[in-house]
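These are the residues of each chain, in order.
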Amino acid sequence: MAEVLLKDITKVYDGNVKAVDKVNIEVLDQEFVVLVGPSGCGKSTTLRMIAGLEDITDGELFIGGKRMNDEAPKDRDIAMVFQNYALYPHMSVYDNMAFGLRIRKFPKAEIEARVKEAAQILDIEELLERKPKALSGGQRQRVAVGRAIVRKPKVFLFDEPLSNLDAKLRVQMRAEISSLHTRLSATMVYVTHDQIEAMTMGDKIVVMKSGIIQQIGNPLKLYNDPINRFVAGFIGSPPMNIALADVFEEGGKIIAKEEGMTFIVPKDKEETIKSYIGKKVYMGVRPEDLIFTKKPETNNLRASISVIEPLGNETHLYIDTKEHQYIVRTTPENEFKVGDEVNFTPDMDKVQFFDYETERSLFYTE
Ligand code: ADP
């Protein structure tokens, strides 16, 4: 296995589309790194440059310490699993998995041993004689993964491999790929637009937007300490509530307020927020950090309920102030009705603040 290093990697497509802009990523040996971001942010292009399927416009790519910019895909010792599986329809499952080894002139016995081993790992031993059209979506995806496993590559690359599966199967395959990662002790780079997939699978997550890396971190770092308003809103479901607030001083306290919501800035944050007095900041609070209260305090969000979503283990409320809609994650025990006026106390230690101009978090720590 091997590490993958991207140094100032840039991709400009014909017609001057800058798809990836000076990206730096270090994928350690045996690490599972997820590239995540909205459609068009450049994550597939980045993966395809690692695979050698796209030329690198600028910057350097190393796999296992070796510069790979000009190496052909077949010489990079990588295997890629695609969203559409890319199986050969006229070949059996066995032949699909054996194909890459045959063209590399592996001995027959070695091919058979590797295909059998992969089939066993993926629990598709019963399917080896079938053609892809006689398989379910999940089974096809397993064959596509099997085809990568038999190669025993230094690095596995996954491009949205679960996007064509239904919700239940996605959850199952997510866990299967995670346990495969552990079992093979493999280096893996995985692309998805789905932040839940990223959070549940990645040792390290790279959040991209418009070709630029926003933040690299482990799942909890991204959740608890997002570097900017974009990452704060992208990671987490339901998303963080982010509202524009005015900052002012009253009775020796610094207060951030929008219609219906008042936050008294905690003492340990005053020093930083002071310079924002008389200006606007974005205030962010996660749905689970708004605590229902019957006795409103100064620190309070007052709003009326417009939608109630009971999920069984928890309930999501959509509540409206005059200026903003907030989502609250609450316990199912409380009996709410649409139209109720309700009060919530924000957990002040968890509230985030972002600069209005740069949208950068005021309290982010490297
Ligand atoms: P993602 O995988 O995050 O959805 P992509 O890497 O596919 O994003 O695309 C990044 C940007 O590059 C997008 O603006 C997309 O339209 C553009 N792009 C992708 N492939 C090509 C291409 N072959 N030629 C020109 N522009 C492309």
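See above for the structure.
Residues numbered from 1 in each chain as written. Predicted model: local features only at pLDDT ≥ 70, side-chain atom pairs only at ≥ 80, totals over all residues. Heavy atoms only, no water.

Any chance you could explain the pattern of salt bridges here in plain terms?
Pairs may arise between side chains of opposite charge once their charged atoms sit close together. A complete count under the given rule lists 27 salt bridges for this structure. Notably, a salt bridge pairs R48 with E54, separated by 3.5 Å at the nearest N-O pair. Assessed through its relative accessible area of 19%, E54 is described here as buried. The residue K66 makes a salt bridge to E71 at a minimum N-O spacing of 3.7 Å. Look at K66 and you get partly exposed, because its relative accessible area is 43%. Owing to a relative accessible area of 27%, E71 belongs among the partly exposed residues under this scheme. Each of K11, R48 and E54 takes part in salt bridges that share partners, so that together they form one network. (Salt bridge = Lys/Arg side-chain N within 4 Å of Asp/Glu carboxyl O. Buried < 20%, exposed > 50% of the residue type's maximum accessible area, 1.4 Å probe, protein only.)

Honestly, the packing of aromatic side chains in this entry has me stumped. Any pointers?
Two aromatic rings, taken as a pair, are described by how far apart their centres are and by the angle between their planes. Going through the model one piece at a time under the given rule, you end up with 9 aromatic pairs. A centroid spacing of 6.4 Å and a plane angle of 15 degrees characterise the contact between F156 and F158, whose relative ring orientation is stacked. Of the residues examined, F156 reaches a relative accessible area of 3% and is grouped as buried. Residue classification places F158 among the buried positions, given a relative accessible area of 0%. Between the aromatic rings of F230 and F234, the centroid separation amounts to 5.6 Å while the plane-to-plane angle is 15 degrees, which identifies the pairing as stacked. In this pair, F230 and F234 are both assigned in helix α8 (residues 229–234), 4 residues apart and thus about one turn of the helix distant. In textbook terms, an aromatic cluster arises when at least three aromatic residues are bridged by ring pairs, as seen for F32, F156, F158 and Y190. (Phe/Tyr/Trp six-rings, centres within 6.5 Å; stacked < 30°, edge-to-face > 60°. Helix = DSSP H or I, 4+ residues; strand = E, 2+ residues; numbered from the N terminus.)

Is there a simple way to explain the site of the ligand in this structure?
The ligand sits among Y13, A19, P38, S39, G40, C41, G42, K43, S44 and T45. Interatomic distance of 3.0 Å between a backbone N/O atom of G42 and an oxygen atom of the ligand. One nitrogen or oxygen atom from the side chain of K43 is found 2.9 Å from an oxygen atom belonging to the ligand. Starting from 560 Å² of accessible surface for the ligand in isolation, the protein chains cover 59%. Ranked by residues supplied to the shell around the ligand, first place goes to helix α1 (residues 43–51) with 3 residues. Here the residues of the shell around the ligand are counted per class, giving 4 nonpolar, 5 polar and 1 charged. (Near = heavy atom within 4 Å. Polar contact = N/O pair within 3.5 Å; in protein donor to acceptor, adjacent residues only side chain to side chain. Areas by Shrake-Rupley, 256 points an atom, 1.4 Å probe, with all protein chains shown as cover. Nonpolar A, V, L, I, M, F, W, Y, C, P; charged D, E, K, R; others polar.)

Could you clarify how one ought to interpret the side chain of E314 in this entry?
Mapped onto the fold, E314 is located in the loop between β16 (300–310) and β17 (315–320). Here R329 takes part through its side chain, which lies 3.1 Å from a polar atom of the side chain of E314. Those residues in contact with E314, other than ones at most four positions away along the chain, are E309, R329, T330 and P332. (Contact = heavy atoms within 4.5 Å.)

Whenever I open this one, the nonpolar core confuses me. Can you help?
Nonpolar side chains in soluble globular proteins generally cluster together in the buried interior. Judged by nonpolar contacts, the single largest core of 50 residues is most densely connected at M97, V115, F158, Y190, V207 and I235. When residues in this core are grouped by element, the largest group, 6 residues, is from helix α3 (residues 108–122). Setting aside residues up to four positions removed in sequence, Y190 forms contacts with F32, V33, V34, L35, F158, P161, L162, I177, E197 and M201. (Core = buried A, V, L, I, M, F, W, Y, C linked by side-chain atoms within 4.5 Å.)

Which parts of the structure should I look at to understand the sheet that holds strand β8 (residues 187–192)?
Think of a sheet as strands paired side by side through backbone hydrogen bonds, with each pair either parallel or antiparallel. The strand order β6-β7-β8-β3-β9-β10 describes an open sheet built from 6 strands, whose pairing is mixed. Strands with a single pairing partner mark the edges of an open sheet, and in this sheet they are β6 (78–81) and β10 (212–217). On average, each strand axis in the sheet is inclined to that of its neighbour by 15 degrees, with strand direction left out of account. Taken together, the 4 bridges between β6 and strand β7 (residues 155–159) define a ladder with parallel strand orientation. Within β7, the residue paired with I78 across the bridge is V155. Set on the sheet, helix α4 (residues 137–149) makes contact with β6 and β7; between it and β6 the angle comes to about 175 degrees. Sheet strands in contact with helix α5 (residues 167–184) are β3 (32–36), β7 and β8, and its direction is about 165 degrees off that of β8. (Pairing = 2+ DSSP bridges. Axes fitted to C-alpha atoms, helices over the stretch in contact; angles between N-to-C directions.)

What am I meant to see in α5 here?
An α-helix turns once per 3.6 residues; consequently, residues spaced three or four apart project the same way. Between the first and last C-alpha of α5 there are 26 Å, a value that for 18 residues agrees with the 26 Å anticipated at 1.5 Å per step. Taken together, the buried positions of α5 are R170, M173, R174, I177, L180 and H181. Within α5, the buried residues cover an arc of 130 degrees as seen down the axis, which keeps them to one side. Turned more than 90 degrees off the buried face of α5, the exposed positions are K168, T182 and R183. Summarising the contacts, the buried residues of α5 are in contact with β3, α3, α4, β7, β8 and α6 (195–201). Directly after α5, the chain includes S185, whose backbone phi takes a positive value near 45 degrees. (Expected span 1.5 Å × (residues − 1). Arc of directions from axis to C-beta.)

Any chance you could explain the sheet that holds strand β4 (residues 58–63) here in plain terms?
The 4 strands are arranged β2-β1-β4-β5 in an open sheet whose pairing can be described as antiparallel. The outermost strands of the open sheet, each flanked by one partner alone, are β2 (17–27) and β5 (66–67). As judged from the 7 bridges shared by strand β1 (residues 4–13) and β2, these two strands associate in the antiparallel manner. The residue bridging V4 from the neighbouring strand is V27, located in β2. Sitting on the sheet, α1 touches β1, β2 and β4, and the angle it makes with β1 is about 115 degrees.

From the geometry alone we can't say anything about function, so treat these as descriptive.
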